[in-house]
Amino acid sequence: MRKFIGSKSFYREVIAIILPIMIQQGITTFVGLLDNIMVGQLNGDAISGVAIANQIMFIVNICFIGGLAGPGIFVSQYFGAKDENSLKEAFRVKVILTIFVTIVSMSLLIVFKEPLIRAFAKSDSGASGVYNERVIKYGVDYLSILIFSLPIFGVIQLFASTFREIKETKVPMFAGIVAVVVNMTFNAVLIFGYLGFPKLEVRGAAIATVIARVFELGVLLYIAYSRKMVFTQDIYKKFKISKQRFKTILKKTIPLLTNELLWSSSTTVILFAYSQRGTSVVEAFTISNTVANLFFIIFGALATGISVMVGNELGANQIELAKDNAYKLLFFALVTCLSFGVILAVIAPFAPLLYNVSAAVRWQATQFMWVVAALMWVFAFNAGIFFILRAGGMVIITFVFDALFAWVIAVPIALILSIYTDIPILLVYAIVEGVSLFKALFGIHLIKDGKWARNLATHELTI
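Along each chain, residue indices are assigned from 1 in the same order as the chain's sequence is written. The predicted origin of the model limits local features to residues at a pLDDT of at least 70 and limits the giving and counting of side-chain atom pairs to 80 or more, whereas totals for whole chains, interfaces and linings rest on all residues. Only hydrogens and water are set aside; all other atoms, that is, all heavy atoms of the structure, feed into the side-chain values.

(A) Structural context of the packing of helix H6 (residues 170-192) against helix H7 (residues 202-226). Between N-to-C directions, angles span 0 to 180 degrees; the directions come from axes that are lines fitted to C-alpha atoms, helices contributing only their stretch in contact. A run of DSSP states H or I qualifies as a helix once it reaches four residues; a run of E qualifies as a strand once it reaches two. Both are numbered from the N-terminal end. The geometry of H6 relative to H7 is characterised by a closest axis approach of 8 Å and an angle of 155° between their N-to-C directions. Considering the angle they form, H6 stands roughly antiparallel to H7. Regarding H6 and H7, the two cross each other, and that crossing is right-handed. A class-by-class count of the residues in the contact of H6 with H7 yields 19 nonpolar, 5 polar and 1 charged. For classification purposes, angles smaller than 35 degrees are called roughly parallel, those larger than 145 roughly antiparallel, those between 65 and 115 roughly perpendicular, and all remaining angles oblique. In a left-handed crossing the near helix is turned counterclockwise from the far helix by less than a right angle, and in a right-handed crossing that turn is clockwise. Classification used: nonpolar for Ala, Val, Leu, Ile, Met, Phe, Trp, Tyr, Cys and Pro, charged for Asp, Glu, Lys and Arg, polar for all others including Gly.

So this is what it looks like as structure tokens:
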């Protein structure tokens, strides 16, 4: 067991890294829950419309994260190696990728927003070709506003991810807290028309999100430039990236971006499969996901902490320490999330009572949450493995582990069982999520193999 349990100083370092991330993500997720509850006070169609729009935005958001993750690997390792010039070049690549993802995603969403939302808005009647037009209208209204916040969101991701990669995790936490307070305030007044503001319903929720993002970006930029962070110094005066380094970073970035695009789109296709059982299933799934996300912050923060700690150690050429800590971090994530799974299972019957939906939808949401609670330790373990592999630059393997697994196994199961059988949706959901157990077994083999433990900062020309 000594291999899996660290010292007090080890856990102090882990907590110092992950706690700010947990606080930021926890507050943001909690506000997302309040957001969801506020919209849920309108009606079930509003919940479904906003949920569908957010699922589409989720793909875009993940593309930003995936696009910036490639150069982020190098930022983390260059920071560990104390190579400031190379770190700046990696940041410049992040700038280019931010602009690219923003332009492409905005163009596609402006053209295809309504057809995308319509695909998920099948009526509960089950009749072929019959759609819930109210759900579609709510979704289009919400998404039409969020599209134009993408440039702001892109720059937020650019700066927030870089702060985390250099262990300044408190900065994005503080910016996130500011955004949350702003979002909560404007949600209340714009959705329901309080304090003399117009009652804008779902459009009000979208506008509140945009305003909150403006504040969040302002905080990040102010701190970055007032403290003269290394990635802000002389970045644009000489926008120079060596040809070899650019090629090397792109070799890592393209598979990661492709992975994130395919993985996020796989979750969207799975939701599409579930939605063929009616928009009431989408309502239940949305409630379950929103509540479960409060618990997912723990393994999300742990995964980010794993990426930072292992990446910095690899960059400092402490290969054996990186391996040793990877095992300890995985075990810590697994045990922690077992506990959080129990808590989720206990509150699952009560959380749906906050929503203005039918008793059947509430019961279905509770059952979905019980499935998540039972498997939370598996999700945490798999997330940890993914980030360990990514920290070592094993981007092709992460693609196989993540996106390929989803599209070859999870997506076909969801589509076949949801559309072509009468199996209860709860059992379909349990089977689709349960295949993560096989993914975990594959992940154990990859970590034990040890090929992921590589120093990219000193050997980038050979990879």
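(B) Local environment of the nonpolar core. By nonpolar core is meant a set of buried Ala, Val, Leu, Ile, Met, Phe, Trp, Tyr and Cys residues that side-chain atoms within 4.5 Å join together. Accessibility here uses a 1.4 Å probe with only protein chains present; expressed as a share of the type maximum, an area under 20% marks a residue as buried, one over 50% as exposed, and anything in between as partly exposed. Counting 114 residues, the largest nonpolar core has Tyr142, Val202, Tyr274, Val310, Leu344, Ile447 and Trp452 as the members making the most contacts within it. Of the residues forming this core, the biggest block, 20 residues, is contributed by helix H11 (residues 359-391). Membership of the second largest hydrophobic core comes to 33 residues, among which are Ala69, Phe159, Val230 and Ile241.

(C) Structural detail: the packing of aromatic side chains. Whether two aromatic rings pair depends on their centres lying within 6.5 Å, for rings of Phe, Tyr and Trp, where Trp uses its six-membered ring; planes under 30 degrees apart make the pair stacked, over 60 edge-to-face, and the rest tilted. For the coordinates displayed, the defined rule picks out 16 aromatic pairs. Relative to Phe159, the ring of Phe91 lies with its centre 5.9 Å away and its plane at 80°, an arrangement referred to as edge-to-face. Note that Phe91 is positioned in helix H3 (residues 84-118) and Phe159 in helix H5 (residues 150-165), a separation of 68 residues in sequence. Phe159 shares its class with Phe91; the two are buried. Ring geometry for Trp363 against Trp370: centres 5.6 Å apart, planes inclined by 85°, an arrangement best described as edge-to-face.

(D) Geometry of unusual backbone geometry. Even without being a glycine, Leu195 presents a positive backbone phi close to 55°. With respect to the helices and strands, the residue Leu195 is situated in the loop between H6 and H7. On the basis of relative accessibility, which here comes to 76%, the residue Leu195 falls in the exposed class.

(E) Here's a closer look at the environment of Gly311. If you trace the backbone, Gly311 turns up in helix H9 (residues 279-315). In this structure Gly311 comes out as buried when scored by relative accessible area, which is 2%. Taking the C-alpha atoms as reference points, Gly311 and Ile62, separated by 249 residues in sequence, lie 21 Å from one another.

(F) Representation of the side chain of Thr286 within the structure. With respect to the helices and strands, the residue Thr286 is situated in helix H9. Relative accessible area serves as the criterion here: at 9%, Thr286 is assigned to the buried category. A 3.5 Å cut-off defines polar contacts: any pair of N or O atoms within that distance qualifies, except that in protein one atom must be a possible hydrogen donor and the other a possible acceptor, and neighbouring residues in sequence count only when both atoms are side-chain atoms. A polar side-chain atom of Thr286 sits 2.7 Å from the main-chain carbonyl oxygen of Val282.

(G) Spotlight on the confidence of the model for the protein chain. The predictor's confidence in any single residue is recorded as pLDDT, a number from 0 to 100. For the protein chain, per-residue confidence averages 82 on the pLDDT scale, and residues scoring 70 or more make up 90% of the total. At the low end of the mean pLDDT range in the protein chain sits helix H15 (residues 456-459), at 58; at the high end sits helix H13 (residues 425-434), at 93.

(H) Quick peek at the side chain of Ser436. Turning to its location among the elements, Ser436 is positioned in helix H14 (residues 436-449). Among the residues examined, Ser436 registers a relative accessible area of 13% and is labelled buried. Among the polar contacts listed, one links the side chain of Ser436 to the backbone oxygen of Glu433, at a separation of 3.1 Å. The criterion used for residue contact is that any of the two residues' heavy atoms lie within 4.5 Å. In this structure, Ser436 is in contact with Val378, Phe379 and Asn382, ignoring residues within four places of it in sequence.

(I) Representation of the pattern of salt bridges within the structure. The working definition used for a salt bridge is a side-chain nitrogen of Lys or Arg within 4 Å of a carboxyl oxygen of Asp or Glu. Counted under the stated rule, the structure contains 6 salt bridges. Measuring nitrogen to oxygen at the nearest pair gives 3.5 Å for the salt bridge that ties Arg118 to Glu114. Placement of the pair is Arg118 and Glu114 together in helix H3, with a separation of 4 residues, close to one helical turn. In this structure, Asp402 engages Lys439 in a salt bridge whose closest nitrogen and oxygen atoms are separated by 3.1 Å. On the criterion of sequence distance, the pair formed by Asp402 in helix H12 (residues 395-420) and Lys439 in helix H14 is long-range, its members being 37 residues apart. In terms of burial, Asp402 and Lys439 fall into one category: buried.

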